Amino acid sequence: MAVLEIHKAGDPVLKKVCEPVKRIDKKVKRILKDMAETLYKTKNGIGLAAPQVGILQRIVVIDLQDGNGLLELINPVITKKEGSQVVGEGCLSVPNFEGEVERAVYVECEYTDASGKKQFIATEGLLAICLQHETDHLDGILFTDKAVTITLKAPED
Ligand code: NI
């Protein structure tokens, strides 16, 4: 396993549309493990998309740190969205900023898990927001592209 470098806003890799994963082989499983390790190494990260570590494949890891553990999503697609809310967001690739973004309240998401099984999530709350934020990354979209307000974060530590 390895902690990968997180690419920051301004890096063209973050603006690219990622390719779907065709086969879940050793390489993809390694990417999932490395992404999880990279996510857990961050201070407050709850999600990481593959382009953030320079990999242009449709892979996402999420851990809301709520005791539900790690979600590994391959080729996630949001198939339904309902409602609208404006929420505060940040991003590991835009470390010094936070912003308010309009997101759906409820989403349904289909994806393939690390064992190759098709999975389905229907959810609201933080997971719904995180799924929208991370799947945007796979299409080269950062929250700052959509934000209605962007503010400089108060320095931490
Ligand atoms: Ni992000």
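Predicted model, so just to flag it, every value in this text is computed and none were measured.

Student: What exactly am I supposed to notice about the environment of E108 here?
Tutor: Structurally, E108 is set in strand β6 (residues 106-112). The class of E108 is buried, set by a relative accessible area of 16%. As for E108 and I121, which are separated by 13 residues in sequence, their C-alpha atoms are 5.6 Å apart. Excluding its chain neighbours within four sequence positions, the residues that come into contact with E108 are V77, I78, T79, K80, F120, I121 and A122.

Student: Hey, could you run me through the sheet that holds strand β2 (residues 59-62) in this one?
Tutor: Through backbone hydrogen bonds, the strands of a sheet pair up, either in parallel or in antiparallel fashion. Taken in spatial order, the five strands line up as β1-β2-β3-β6-β7 in an open sheet, and their pairing is antiparallel. If you trace the sheet from one side to the other, it starts and ends with β1 (47-49) and β7 (118-124), each paired once. The sheet shows a mean angle of 40 degrees between the axes of neighbouring strands, direction not considered. Of the strand pairs in this sheet, β1 and β2 are connected by three bridges, and their pairing is antiparallel. Paired with L48 across the two strands is V61, which belongs to β2. Docked against the sheet, helix α1 (residues 26-41) engages β1, β2 and β3 (71-82), running at close to 40 degrees with respect to β2.

Student: Just checking my understanding: could you explain α1 for this structure?
Tutor: Three or four residues apart is the spacing at which side chains of an α-helix point the same way, because the helix has 3.6 residues per turn. Between its first and last C-alpha, α1 extends 23 Å over 16 residues, near the 22 Å set by a 1.5 Å rise per residue. V28, I31, L32, D34, M35, A36, T38 and L39 are the residues of α1 that are buried.

Student: How should the pairing of β7 be read in this particular structure?
Tutor: Pairing analysis gives seven bridges linking β6 to β7, with the strands arranged antiparallel. Across the sheet, the residue bridging to C109 is I121, located in β7. Counting the residues between successive antiparallel strands, the hairpin from β6 to β7 contains five residues, one of them, G116, with a positive phi of roughly 90 degrees.

Student: What's the story with the coordination of the nickel ion in this structure? I'm lost.
Tutor: Ideal values differ by geometry: the angle at a metal is 109.5 degrees with four tetrahedral donors, but 90 or 180 degrees with six octahedral donors. At the metal site, the nickel ion is ligated by C91 (SG), H133 (NE2) and H137 (NE2), and these contacts range over 2.1 to 2.3 Å. Here the donor residues of the nickel ion share one chain and are spaced in sequence as C-x41-H-x3-H. Here the residue C91 occupies a position in the loop between β4 (85-89) and β5 (97-103), and H137 occupies one in helix α2 (residues 125-138), the gap between them amounting to 46 residues. For the residue pair C91 and H137, the accessibility class agrees, reading buried in each case.

Student: Just checking my understanding: could you explain α2 for this structure?
Tutor: When the terminal C-alpha atoms of α2 are compared, their 21 Å separation across 14 residues agrees well with the 20 Å that a helix rising 1.5 Å per residue should span. Most of α2 is tucked away, with 12 of its 14 residues classed as buried. Of the residues making up α2, those classed as buried are L127, A128, I129, C130, L131, Q132, H133, E134, T135, D136, H137 and L138. One or two steps after α2, the chain reaches G140, where phi turns positive at roughly 75 degrees.

Student: How should I be thinking about the pattern of salt bridges in this particular structure?
Tutor: Pairing is possible between side chains of opposite charge, provided their charged atoms come close. Tallied over the full model, the rule gives eight salt bridges. Across the salt bridge formed by D25 and R23, the nearest N and O atoms sit 3.7 Å from each other. Exposure remark for D25: the relative accessible area of 24% places this residue in the partly exposed category. With its nearest N and O atoms 2.8 Å apart, the salt bridge here joins D136 to R103. Of this pair, D136 sits in helix α2 while R103 is found in strand β5, placing the two residues 33 residues apart along the sequence. The exposure classification of D136 matches that of R103, with both residues buried.

Rules and cut-offs
- Residues numbered from 1 in each chain as written.
- Predicted model: local features only at pLDDT ≥ 70, side-chain atom pairs only at ≥ 80, totals over all residues.
- Heavy atoms only, no water.
- Helix = DSSP H or I, 4+ residues; strand = E, 2+ residues; numbered from the N terminus.
- Buried < 20%, exposed > 50% of the residue type's maximum accessible area, 1.4 Å probe, protein only.
- Contact = heavy atoms within 4.5 Å.
- Pairing = 2+ DSSP bridges.
- Axes fitted to C-alpha atoms, helices over the stretch in contact; angles between N-to-C directions.
- Expected span 1.5 Å × (residues − 1).
- Donors = N, O, S within 2.8 Å, 3.2 Å for Na, K, Ca; no water.
- Salt bridge = Lys/Arg side-chain N within 4 Å of Asp/Glu carboxyl O.

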